[in-house]
Amino acid sequence: MDYFFVQVEELDNPKLKELPVAIGSRHYKRGVLSTANYIARKYGVKSAMPTGMALKLCPDLVLIPAHFEKYKKASEEIFQIFKSFSKNIQPISLDEAYLDVTDCKKFNNDAIEIAKEIRRRIFGKTGRTAIAGVSYNKLLAKIGSDLNKPNGISVIRPKDVEQKIAHFSISKIWGVGKVTQKKMDGLGIR
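A quick note: this is a predicted structure, and the numbers were derived from the prediction, not measured.

Rules and cut-offs
Position numbers for residues start from 1 in each chain and track the written sequence from start to end. Reporting in this predicted model follows two pLDDT cut-offs: at least 70 for local features of residues, and 80 or more for side-chain atom pairs to be given and counted; totals over whole chains, interfaces and linings ignore these cut-offs and use all residues. Side-chain measures were taken over the full set of non-hydrogen atoms in the model, leaving aside hydrogen atoms and water. In this description a helix means any DSSP run of H or I spanning at least four residues, a strand means any run of E spanning at least two, and both kinds are numbered starting from the N terminus. It only takes one pair of heavy atoms within 4.5 Å for two residues to be counted as in contact. Here a polar contact is taken to be a pair of N or O atoms separated by no more than 3.5 Å, where protein atoms must pair a possible hydrogen donor with a possible acceptor and residues adjacent in sequence count only if both atoms sit in side chains. Axis angles are defined between N-to-C directions and span 0 to 180 degrees, where every axis is a line fitted to C-alpha atoms and, for a helix, only to the segment in contact. Roughly parallel means an angle under 35 degrees; roughly antiparallel, over 145; roughly perpendicular, 65 to 115; everything else is oblique. Side-chain classes follow a simple rule in which Ala, Val, Leu, Ile, Met, Phe, Trp, Tyr, Cys and Pro form the nonpolar group, Asp, Glu, Lys and Arg form the charged group, and the remainder, Gly included, forms the polar group. Classification of residues uses two cut-offs on accessible area relative to the type maximum, computed with a 1.4 Å probe and protein chains only: under 20% is buried, over 50% is exposed, and between them is partly exposed. Cavities and pockets are found on a 1 Å grid laid over the protein atoms alone: a cavity is a set of points where a 1.4 Å probe fits but cannot escape, a pocket is an open set with protein on both sides within 12 Å along at least five of seven lines, and a lining residue has an atom within 4 Å of such a point. Grid points are joined across faces, edges and corners, and a volume is the space filled by probe spheres set on the points. Two aromatic rings, drawn from Phe, Tyr or Trp (for Trp, its six-membered ring), form a pair once their centres lie within 6.5 Å of each other, and the interplanar angle then sorts them: stacked below 30 degrees, edge-to-face above 60, tilted otherwise. As a reminder, the over-ring test applies to NZ of lysine and CZ of arginine, requiring each to be within 6 Å of the ring centre and within 35 degrees of the ring normal.

Undergrad: Looking at this structure, I do not really get the environment of D95. What am I missing?
TA: Structurally, D95 is set in the loop between β4 (89-93) and β5 (96-99). Considered as a pair, D95 and R41 are 54 residues apart in the sequence and their alpha carbons are 18 Å apart. Ignoring any residue separated from it by four or fewer positions in sequence, one finds D95 in contact with M1 and F4. In this structure the side chain of D95 is engaged in a polar contact, spanning 2.8 Å, whose partner is the side chain of S93.

Written out as structure tokens, the structure reads:
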């Protein structure tokens, strides 16, 4: 989902759509942001950023404390849509999952059309936008899901892998953080 927690808050308070918004604590020393909308991201504000740093980058940032019960309820609506397309779902978080649509009979098993329909249904039912990465494995699907934000879809086919991702930093791989990237750089793996 696109900036899921903030999207949930925006539906409750549409005025937030025009403001830089993040979900997090106002506690400057220990607070960390859960997510930020794209207006806030233009200032450099992002998920997992300390609150104090975010407020330095964007002094007008609207901070909203997390309402996890509300996000969980919104997530359940989305996962119900997923279940109508696949029984093979691997949840990653409240707002992210891998779906194996190999056995889906809808749309002649065209994964791209299935992804488009899932996104349409999510928006139709919840008013929220979703992003999708479509590929032949989870790693590439995850990388694809980061390519067309906000509210987009990206497809990585076997023949397109090198063209689409060869120029990316290794940090694009899910789970590769600063420490692992530094080790990979030391090994000459980019």
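Structure shown, so let's carry the discussion forward.
Undergrad: Can you help me understand the packing of helix α1 (residues 4-12) against helix α4 (residues 68-83) in this one?
TA: For any two helices packed against each other, one specifies the crossing angle of their axes together with the interaxial distance. Their axes nearest at 10 Å, the elements α1 and α4 cross at an angle of 100°. Judged by the angle between their axes, α1 and α4 are roughly perpendicular. In this structure, α1 contributes F4, F5, V8, E9 and D12 to the contact, and α4 contributes F68, K70, Y71, A74, S75 and I78. Taken together, the residues of the contact of α1 with α4 sort by class into seven nonpolar, one polar and three charged.

Undergrad: Mind showing me how you'd approach α1 here?
TA: Across the nine residues of α1, seven count as buried, placing the element largely inside the fold. When we look at burial in α1, the residues that qualify are F4, F5, V6, Q7, V8, E9 and E10. Tucked into the core, α1 has its buried residues touching β1 (21-23), β2 (35-36), β3 (62-64) and α4.

Undergrad: Honestly, the layout of surface pockets in this entry has me stumped. Any pointers?
TA: By rolling a water-sized probe across the atoms, one finds the places where empty space is left. Computed from the structure, the second largest pocket encloses a volume of approximately 180 Å³. Contributing to the lining of the second largest pocket are Y3, Q7, E10, L11, K17, N37, Y38, I39, F123, G127, R128 and T129. Looking at the lining of the second largest pocket, the elements with two or more residues in it are α1 and α2 (38-41). Element by element, the count of residues in the lining of the second largest pocket is highest for α1, at three residues. Here the lining of the second largest pocket is built from residues that sort into five nonpolar, four polar and three charged.

Undergrad: Sorry if this is basic, but what is going on with the packing of aromatic side chains here?
TA: Any two aromatic rings considered together are summarised by their centre-to-centre distance and by the angle between their planes. Counted under the stated rule, the structure contains six aromatic pairs. Summarising the aromatic geometry, the rings of F5 and F68 are spaced 5.6 Å apart at their centres and angled 85° between planes, so their arrangement reads as edge-to-face. In this pair, F5 sits in helix α1 while F68 sits in helix α4, placing the two residues 63 residues apart along the sequence. Of the residues examined, F5 reaches a relative accessible area of 13% and is grouped as buried. Plain terms: the ring middles of F79 and F82 are 5.1 Å apart, the flat faces sit at 70° to each other, and that makes the pair edge-to-face. With F79 and F82 both in helix α4 and three residues apart, this pair spans about one turn of that helix. The buried category is assigned to F82, whose relative accessible area is 10%. Grouping aromatic residues by their ring pairs yields a cluster made of F4, F5, F68 and Y71. In this structure, K106 packs its charged tip against the face of F85, placed 4.5 Å from the ring centre.

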